[in-house]
Amino acid sequence: MLLEHSPIVVGVDGSTASLGAVRWAADEAARHCRMLRVVHALSWEGPADGQGLVLDAAAEARSWQPGIAVETMTLGGSPARVLREQSRTAALVVIGGRVHDGGVLDASVGAHLAAFAHCPVLVVNNGWRWADPMAALPAHSPVVVGVDGSPSSQRALAYGYGEAASRHVPLIALHAGRARPHEAVAAELEPWLRRHPEVETRFDSRDTGVLETLTEAARTALMLIVGAHRVGWYEQPHPNPVTQMVVHHAASPVLVTRSV
């Protein structure tokens, strides 16, 4: 198998949620022919045996996806800083969200990465659901992409079509609020429909708020994909408040694409 150059990076901390994130990351690595890099940040908050932790997680990844290449790293520093640095050369950073069983990779780390990472970030909310080897990853639910016509949402669509096509599931392009007419956003979807006839696509629109609409759609989505808008005109973007809230509150995994 010919591997793409940039790895899928997954952060682990020994929690059940991060083990579920490892499973999603292994699936992404197999799906896109990339190496999986399992990373643990050695900080005063985390477990002492970082090397044992990453080796155990790597063994689980290989058991779920026997064909993938896996490497491990233990690096000093806070989880947010370590994973942000890893994102400079990664294709995707994966992290578990909403840790409630003693881990340090909580939703605030995911929200930080969603704002400042240099590559797309997948926050696997409720990752404990998929840590059980007997629990199947979702296979038939749609990929939902938040769209508003911006360059950021165009990047989200590009990633969404890649995910939907590789999984053979439908894609729902979801527009919320009244900032732009729904008809205008739907019209901008036409080139994507011509480019990806193999993906069943549906446009959906709601007049409700963006956060409310996206979190509601996430209840039945395989994953929710949103763009990280550049809020400031200067080079370093500020966190986008809606993206941060979606990462915290969506029931499904949330993939945040990057513009920097």
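Structure shown above.
Residues numbered from 1 in each chain as written. Predicted model: local features only at pLDDT ≥ 70, side-chain atom pairs only at ≥ 80, totals over all residues. Heavy atoms only, no water.

### Focus on the pairing of strand β9 (residues 223–227)
The side chains of a regular strand alternate, first on one face of the sheet and then on the other. Put simply, the rule is: Exposed residues in this analysis have more than 50% of their type's maximum accessible area, buried residues have under 20%, and partly exposed residues fall in between, with area computed by a 1.4 Å probe over protein chains only. Working definition: helices are DSSP H or I runs of at least four residues, strands are E runs of at least two. Numbering for both runs from the N terminus. DSSP-based pairing: two strands are paired if at least 2 bridges between them are found.
Burial runs high along β9: five of the five residues are buried. Residues M223, I225 and G227 line one face of β9 and the alternating positions L224 and V226 line the opposite face, and both faces are buried. Alignment of strand β6 (residues 143–146) against β9, held across three bridges, turns out to be parallel. Considered in β9, the bridge of V145 is made with I225. In this structure, β9 lies alongside strand β10 (residues 254–257), joined through four bridges in parallel fashion. Bridging from a neighbouring strand, L224 pairs with V254 of β10.

### Side note on the pattern of salt bridges
How we decide: Salt bridge, as used here: a side-chain nitrogen of Lys or Arg that lies within 4 Å of a carboxyl oxygen of Asp or Glu.
This model, assessed by the stated rule, comprises 11 salt bridges. In this structure, D27 engages R31 in a salt bridge whose closest nitrogen and oxygen atoms are separated by 2.8 Å. One end of the pair is D27 and the other is R31, both in helix α1 (residues 16–32) and four residues apart, which spans about a single turn. Put simply, R206 and D204 hold a salt bridge, and the shortest N to O gap is 2.7 Å. D204 sits in the buried class, given a relative accessible area of 16%. A network of salt bridges, in which partner residues are shared, links D27, E28, R31, E163 and R167.

### Topic: the packing of aromatic side chains
The condition that has to hold: Centre distance within 6.5 Å is the pairing criterion for rings of Phe, Tyr and Trp, where only the six-membered ring of Trp is used; planes under 30 degrees apart are then read as stacked, over 60 as edge-to-face, and the remainder as tilted. For a Lys NZ or an Arg CZ to count as sitting over a ring, it must be within 6 Å of the ring centre and within 35 degrees of the ring normal.
Considering all chains together, one arrives at two aromatic pairs under this definition. Measuring from ring centre to ring centre gives 5.4 Å for W24 and W130, while their planes differ by 80°; the resulting arrangement is edge-to-face. With W24 in helix α1 and W130 in the loop between β5 (121–125) and β6, the pair connects residues that are 106 residues apart, well separated along the chain. W24 sits in the buried class, given a relative accessible area of 0%. Taking relative accessible area as the criterion, W130 reaches 7% and is therefore assigned buried. Its guanidinium or amino end placed over the ring of W192, R195 lies 4.6 Å from that ring's centre, counting from NZ or CZ.

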